[in-house]
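Here are the chains, one letter per residue:
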Amino acid sequence: MREPAKEPSRALVMGGGGLTAYGWQVGVLAGLADAGLHPGDADVLAGTSAGSLLALDLAKGSTPADLYAEQINRQRPMIDVDFTLSMTARYLWASLRSRDPDRTLRHLSRLALSVRDVPETAVLEAIGPHIPVEDWPARPVRLFAVDALTGTPKGFTATDGVDLAHAMAATCALPPLFPPITIGEGRWMDGGVRSTTNADLLADCARVVVMAPIPKAAGATPSARTQVRTLLSQGTRATLLTPDRASLRAFGRNPLNAARIPGAAREGRRQGREYAEAVRAVWE
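Since we're looking at a predicted model, the values are computed, not measured.

1. Here we look at the overall build of the chain
- Within the chain one finds 11 helices and eight strands.
- Here the chain holds 284 residues, and 53% of them are scored as buried.
- Counting only contacts in the chain whose residues sit at least 6 apart along the sequence, the fraction spanning at least 24 positions is 77%.
- A total of about 12800 Å² of accessible surface is found on the chain, and carbon and sulfur atoms cover 51% of it.
- A gap of 8 Å separates the mean positions of the 32 positive and 29 negative side-chain charges of the chain.

So this is what it looks like as structure tokens:
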């Protein structure tokens, strides 16, 4: 049976991974712009966790050049959180206990629901000052989160009737740092617990460029490469951009280390130029 034709839309997917992930992706977009490519003009901007912030920056009209200057010169204060060694150990224990992706997601969901000493309002207060717009932008944006009660992923959009602050808090609610965010009947947590990019949820788009600062999270969660292959098998034209060794060295071991942002952005710009032809083949 012949599959229906896809909508003639182009999507830019921005993955999660902390402050260095954001800086690297900004650098990649700046490098692509150097080559005359502007995937930030996509019909759909999709983000997970830190990638959601970049999606909103692009949706409000920020240029890669301006964002790059902010990152290089440390002109923009980024969210400051303390993901302790104890939190890291608990997250890894939940992630590595099973080789089954569904079971791993259930373990992470239980971890998220176990956070009771931090109120949801604290998440909104932590994330709110960093949201670059007060309400959903006119351009289509999808912010990925996962319902901790059911394991269902969702890309929140302006049409869902959810205020932007709650949608952003949900996509950034990484356990066990933050509790899930109540939206409707669900308790929504960081979409990165399912996938660092959630690229497979863009199957309705004809052309997709995926930036994955962390190509695969710990444990049995699917890799960005696997999800891009799924898109390709479904008839989507897609390409995947990941950090090379030099970029990974620039990231360092702590993705929340703000001092590493300029280096990550510079390496991202270099890679953006190198990725230009692969992106051009999909985008144009």
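On we go.
2. A look at the pattern of salt bridges
- Taken as a whole and judged by the stated rule, the model has 11 salt bridges.
- The closest approach of N and O atoms between Asp160 and Lys154, which form a salt bridge, is 3.3 Å.
- Given a relative accessible area of 31%, Asp160 falls into the partly exposed group.
- Assessed through its relative accessible area of 28%, Lys154 is described here as partly exposed.
- Bridged by salt links that share partners, the residues Asp244, Glu267, Arg270 and Glu274 form one connected network.

3. Quick word on the UniProt feature "active site" (unreviewed entry) in the chain
- Per the UniProt record, the feature "active site" (unreviewed entry) sits at Ser49 and Asp190. These annotated residues cover 142 residues of sequence, but their C-alpha atoms sit close together, with the largest distance between any two at 6.2 Å. The annotated residues contributing to the lining of the largest pocket are Ser49 and Asp190.
- Judged by relative accessible area, Ser49 falls into the buried class, the value being 13%.
- Look past the residues within four positions of Ser49 in its chain and what remains in contact with it is Gly16, Thr171, Cys172 and Asp190.
- Not counting chain neighbours up to four residues away, the residues in contact with Asp190 comprise Thr48, Ser49, Val146, Ala170, Thr171, Cys172, Ala173 and Leu174.

4. Focus on the packing of helix α6 (residues 120-127) against helix α7 (residues 164-171)
- Running from N to C, α6 and α7 cross one another at 100 degrees; their axes reach a closest spacing of 9 Å. The orientation of α6 with respect to α7, classified from their angle, is roughly perpendicular. Taken together, the residues of α7 that come into contact with α6 (itself represented by Val123, Leu124 and Ile127) are Ala165, His166, Met168 and Ala169.
- Of the residues in the contact of α6 with α7, the class split is six nonpolar, one polar and no charged.

5. Let's talk about helix α2 (residues 50-59)
- Where burial is concerned, most of α2 is hidden: 10 out of the 10 residues are buried.
- Among the residues trailing α2, Gly61 stands out with phi positive, at a value near 110 degrees.

6. Quick notes on the layout of surface pockets
- There is about 1000 Å³ of room inside the largest pocket.
- Gly17, Gly18, Leu174, Pro255 and Leu256 are, among the 36 residues lining the largest pocket, the residues nearest its centre.
- Where the lining of the largest pocket is concerned, the elements lending two or more residues are α1 (19-34), α2, α4 (85-96) and α6.
- At three residues, the largest contribution of residues to the lining of the largest pocket is made by α4.

7. Re the packing of aromatic side chains
- Inspection of the entire model under this criterion finds two aromatic pairs.
- With a centroid separation of 6.4 Å and 85 degrees between ring planes, the pair formed by Trp24 and Phe251 is classed as edge-to-face. Here Trp24 is found in helix α1, whereas its partner Phe251 is found in helix α9 (residues 245-251), with 227 residues between them in sequence. For the pair Trp24 and Phe251, one class covers both residues: buried.

Criteria and cut-off values
- Residues numbered from 1 in each chain as written.
- Predicted model: local features only at pLDDT ≥ 70, side-chain atom pairs only at ≥ 80, totals over all residues.
- Heavy atoms only, no water.
- Helix = DSSP H or I, 4+ residues; strand = E, 2+ residues; numbered from the N terminus.
- Buried < 20%, exposed > 50% of the residue type's maximum accessible area, 1.4 Å probe, protein only.
- Contact = heavy atoms within 4.5 Å.
- Areas by Shrake-Rupley, 256 points an atom, 1.4 Å probe, with all protein chains shown as cover.
- Lys, Arg positive; Asp, Glu negative; His and termini not counted.
- Charge placed at Lys NZ, Arg CZ, Asp CG, Glu CD.
- Salt bridge = Lys/Arg side-chain N within 4 Å of Asp/Glu carboxyl O.
- UniProt positions renumbered as here; feature names shortened; annotations may be inferred.
- 1 Å grid on protein atoms, 1.4 Å probe; cavity = no way out; pocket = protein on both sides within 12 Å on 5 of 7 lines; lining within 4 Å.
- Axes fitted to C-alpha atoms, helices over the stretch in contact; angles between N-to-C directions.
- Parallel < 35°, antiparallel > 145°, perpendicular 65-115°, else oblique.
- Nonpolar A, V, L, I, M, F, W, Y, C, P; charged D, E, K, R; others polar.
- Points joined across faces, edges and corners; volume = space filled by probe spheres on them.
- Phe/Tyr/Trp six-rings, centres within 6.5 Å; stacked < 30°, edge-to-face > 60°.

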